[in-house]
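A look at the structure
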Amino acid sequence: MTRHFLNTQDWTRAELDAVLAQAARFKRSPAGDALKGKSIALVFFNPSLRTRTSFELGAFQLGGHAVVLQPGKDAWPIEFDLGTVMDGETEEHIAEVAKVLSRYVDMIGVRAFPKFVDWSVDRQDRVLQGFAKYATVPVVNMETITHPCQELAHVLALQERFGTTDLRGKKYVLTWTYHPKALNTAVANSALTIATRMGMDVTLLCPTPEYVLDERYMGWAAANVAESGGSLRVSHDIDSAYAGADVVYAKSWGALPYFGDWAREKPIRDEYRHFIVDEAKMARTNHGVFSHCLPLRRNVKATDAVMDSPDCIAIEEAENRLHVQKAVMVALARHHDGRDSGLGIGDS
Ligand code: CP
C-alpha cells in the first residue's frame with residue numbers, strides 16, 4: 001500500500017516523532033545518500049520561496065533529484081473533474097498526469113491553494129486528492145488546505161527552543177492577524193492540528209466567531225486534545241489570550257462564511273488591524289516565543305521589533321523545513337521500496 005504525507009493527522013504520533021528525530025539528525029549532519037537514485041516531482045500551482053528551495057535542496061543533499069513543474073506555465077494545464085468534456089483550457093487529465101509522473105519519479109509533491117470562490121469545493125482538496133488517487137508513488141502535501149511540512153518544521157523549532165521534545169502543557173496561542181487580502185486557512189488549520197496533537201494548551205485567538213476554522217480541523221483539534229491531554233479554547237480577547245503564553249503563532253486567514261464574497265468580509269477584517277503582534281502584546285506572555293510560517297508582511301502582521309527579537313523563531317522554523325522534508329522523503333521512499341524506513345512508518 002502506498003503511503004502518502006497528506007496530513008499529519010493520517011500519521012501516528014510515533015511516526016511523527018520518528019520523523020522529527022530524523023530531521024534533528026539531518027540538521028546535525030545534512031549530507032548523505034539516503035535518496036540516492038530517487039527523484040521527486042514538485043508540482044506547484046502557486047508561488048513559493050521556502051517550499052521549492054527546501055525540497056529541491058533537500059533531495060540534492062541526500063543524492064536525489066527534484067523536477068519542478070508549474071501546470072499552466074511550464075507544464076500543461078490539468079483537468080481534475082471527472083467526466084468533463086475537455087474542450088476548455090485544460091490539456092490533460094489528472095488520471096494521466098499522476099500515472100505518467102509515477103512512471104518517472106519516486107514521489108510527487110503538490111502545492112495547490114484554494115481557489116477562494118466556494119469553500120465547500122475547496123475543502124475537498126481535490127487537486128491533492130486527485131494526485132493521491134491516481135499516483136502509484138507517495139504524494140506529499142506542499143500546502144493545499146493544510147500545510148503538514150510546516151507543522152513539523154514548527155514543532156522542531158519549538159522543541160529546539162524549549163530544549164525538550166515534550167511540549168505538553170505549553171500555553172500556545174494561534175492568533176489571527178490582519179492582512180489586506182483574505183488568505184488561505186491552511187497554516188492555521190495545521191497549527192491548530194499539530195499544537196493540540198503535541199498536547200499543548202491551545203488558544204485560537206480570532207476577531208469574531210466568523211473566523212473560527214472549519215469544523216474538520218476544529219474536530220481534529222478536539223480529538224487530539226482528548227488523546228494528548230492538552231486543551232483547546234477559542235477567544236476573541238487579546239489580553240487574556242496572550243497572558244502567560246509560551247508560544248505565539250501568527251497567521252492571517254479569510255473568514256469562511258464570506259468565502260468567495262470578500263467584499264463583504266473586508267470591512268469586518270479592516271476593523272481588526274490591531275491584532276498585529278507587537279511588543280506590548282508579547283510583554284503579556286511568559287517570555288513567549290513568536291513564530292510565523294513566512295512570508296510575512298512586516299508591520300502588518302507583526303512589528304519589526306517582534307520580528308527582530310531574539311524570541312522570534314521564524315527563521316529557525318523556515319530552516320527546519322529543509323530537515324523535516326528530508327526526513328519525510330526518506331521515510332516515504334523507504335516504505336514504498338518495502339524497506340524498513342527506520343522511521344517507524346508502516347501501513348495505516
Ligand atoms: N511557508 C512557506 O510554505 O513558504 P513558501 O510559500 O515560500 O513556500
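So, here is what we can say about the structure in this document. (Residues numbered from 1 in each chain as written. Predicted model: local features only at pLDDT ≥ 70, side-chain atom pairs only at ≥ 80, totals over all residues. Heavy atoms only, no water.)

**As for the overall build of the protein**
Counting its regular elements, the protein contains 13 helices and 11 strands. Taking 348 residues into account, the globule formula puts the C-alpha radius of gyration at 20 Å, and the protein, at 20 Å, falls close to it. Summarising its shape, the C-alpha atoms of the protein cover approximately 55 × 50 × 35 Å along the three principal directions. Taken over 348 residues, the protein has a buried fraction of 57%. Considering only residue pairs separated by 6 or more positions, the protein has 79% of its internal contacts joining residues 24 or more positions apart. Treating the 39 positive side-chain charges of the protein as one cloud and the 44 negative ones as another, the clouds have centres 3 Å apart. (Helix = DSSP H or I, 4+ residues; strand = E, 2+ residues; numbered from the N terminus. Rg over C-alpha atoms; globule rule 2.2 N^0.38 Å. Buried < 20%, exposed > 50% of the residue type's maximum accessible area, 1.4 Å probe, protein only. Contact = heavy atoms within 4.5 Å. Lys, Arg positive; Asp, Glu negative; His and termini not counted. Charge placed at Lys NZ, Arg CZ, Asp CG, Glu CD.)

**Quick look at the pairing of strand β1 (residues 39-44)**
Within β1, six of the six residues are buried, which leaves the element mostly enclosed by the surrounding structure. By the bridge criterion, five bridges tie β1 to strand β2 (residues 65-69) in an arrangement that is parallel. Residue Val43 lies in a different strand from β2, and its bridge partner there is Leu69. As judged from the five bridges shared by β1 and strand β5 (residues 107-111), these two strands associate in the parallel manner. (Pairing = 2+ DSSP bridges.)

**Considerations on the pattern of salt bridges**
One pass over the structure, following the stated rule, counts 17 salt bridges. Across the pair Arg298 and Asp308 runs a salt bridge whose closest N-O atoms are separated by 2.8 Å. With a gap of 10 residues between them, Arg298 in the loop between β11 (289-291) and α12 (304-307) and Asp308 in the loop between α12 and α13 (314-336) connect regions that are remote in the sequence. Note on Arg298: relative accessible area 39%, which makes it partly exposed. Within this structure, Lys38, Asp337 and Arg339 form a network of salt bridges that share partners. (Salt bridge = Lys/Arg side-chain N within 4 Å of Asp/Glu carboxyl O.)

**Observations concerning the sheet that holds strand β8 (residues 201-205)**
In space, the five strands of this open sheet follow the order β9-β8-β7-β10-β11, with parallel pairing throughout. Each of the sheet's edge strands pairs with one partner strand only, and the pair in question is β9 (231-235) and β11. Each strand axis lies, on average, 20° off the axis of its neighbour in the sheet, ignoring direction. Note: strand β7 (residues 171-176) against β8, five bridges, orientation parallel. Within β8, the position partnered with Tyr172 by the bridge is Val202. Sheet strands touched by helix α8 (residues 215-228): β8 and β9. Its angle to β9, the strand with the most contacts, is close to 140°. (Axes fitted to C-alpha atoms, helices over the stretch in contact; angles between N-to-C directions.)

**Digging into the site of the ligand**
In the region of the ligand, the neighbouring residues are Ser48, Leu49, Arg50, Thr51, Arg111, Glu143, His147, Gln150, Cys293, Leu294 and Arg321. The separation between a nitrogen atom of the ligand and a polar main-chain atom of Cys293 is 3.1 Å. Residue Arg321 places a side-chain N or O atom 3.1 Å away from an oxygen atom belonging to the ligand. Protein chains shield 94% of the accessible area of the ligand, which is 260 Å² for the free molecule. Looking at the shell around the ligand residue by residue, the class counts come to three nonpolar, four polar and four charged. (Near = heavy atom within 4 Å. Polar contact = N/O pair within 3.5 Å; in protein donor to acceptor, adjacent residues only side chain to side chain. Areas by Shrake-Rupley, 256 points an atom, 1.4 Å probe, with all protein chains shown as cover. Nonpolar A, V, L, I, M, F, W, Y, C, P; charged D, E, K, R; others polar.)

**Describing the nonpolar core**
Within the largest apolar cluster, 85 residues are counted, with the highest numbers of intra-cluster contacts made by Phe5, Tyr172, Leu174, Trp253, Val277 and Phe290. Counting residues per element, this core draws most heavily on α13, which supplies 10 residues. Residues from two domains meet in this core; each of domain 1 (8-146 + 319-337) and domain 2 (148-316) gives at least three. Formed by 22 residues, the second largest nonpolar core is a distinct cluster that contains Leu6, Ile78, Phe80 and Ile94. (Core = buried A, V, L, I, M, F, W, Y, C linked by side-chain atoms within 4.5 Å. Domains from an automatic or database assignment.)

**Some remarks on the packing of aromatic side chains**
Throughout the structure, instances matching the rule amount to 12 aromatic pairs. With a centroid separation of 6.2 Å and an interplanar angle of 50°, the aromatic rings of Phe80 and Phe131 are classed as tilted. A residue pair is termed long-range when its members are at least 10 positions apart, and Phe80 in the loop between β3 (78-79) and β4 (92-93) and Phe131 in helix α5 (residues 126-134) qualify at 51 residues. Phe131 shares its class with Phe80; the two are buried. Grouped by ring-pair contacts, the aromatic residues Phe116, Trp119, Phe259 and Trp262 constitute a single cluster. (Phe/Tyr/Trp six-rings, centres within 6.5 Å; stacked < 30°, edge-to-face > 60°.)

**A closer look at the environment of Ser252**
Mapped onto the elements of the fold, Ser252 is located in the loop between β10 (247-251) and α10 (262-270). For Ser252, a relative accessible area of 0% translates into the label buried. For the pair Ser252 and Thr185, spaced 67 residues apart in sequence, the C-alpha separation works out to 7.7 Å. For Ser252, the residues in contact, after removing those within four places along its chain, are Trp176, Thr177, Tyr178, His179, Leu183, Asn184 and Lys301. Among the polar contacts listed, one links the side chain of Ser252 to the backbone oxygen of Thr177, at a separation of 2.6 Å.

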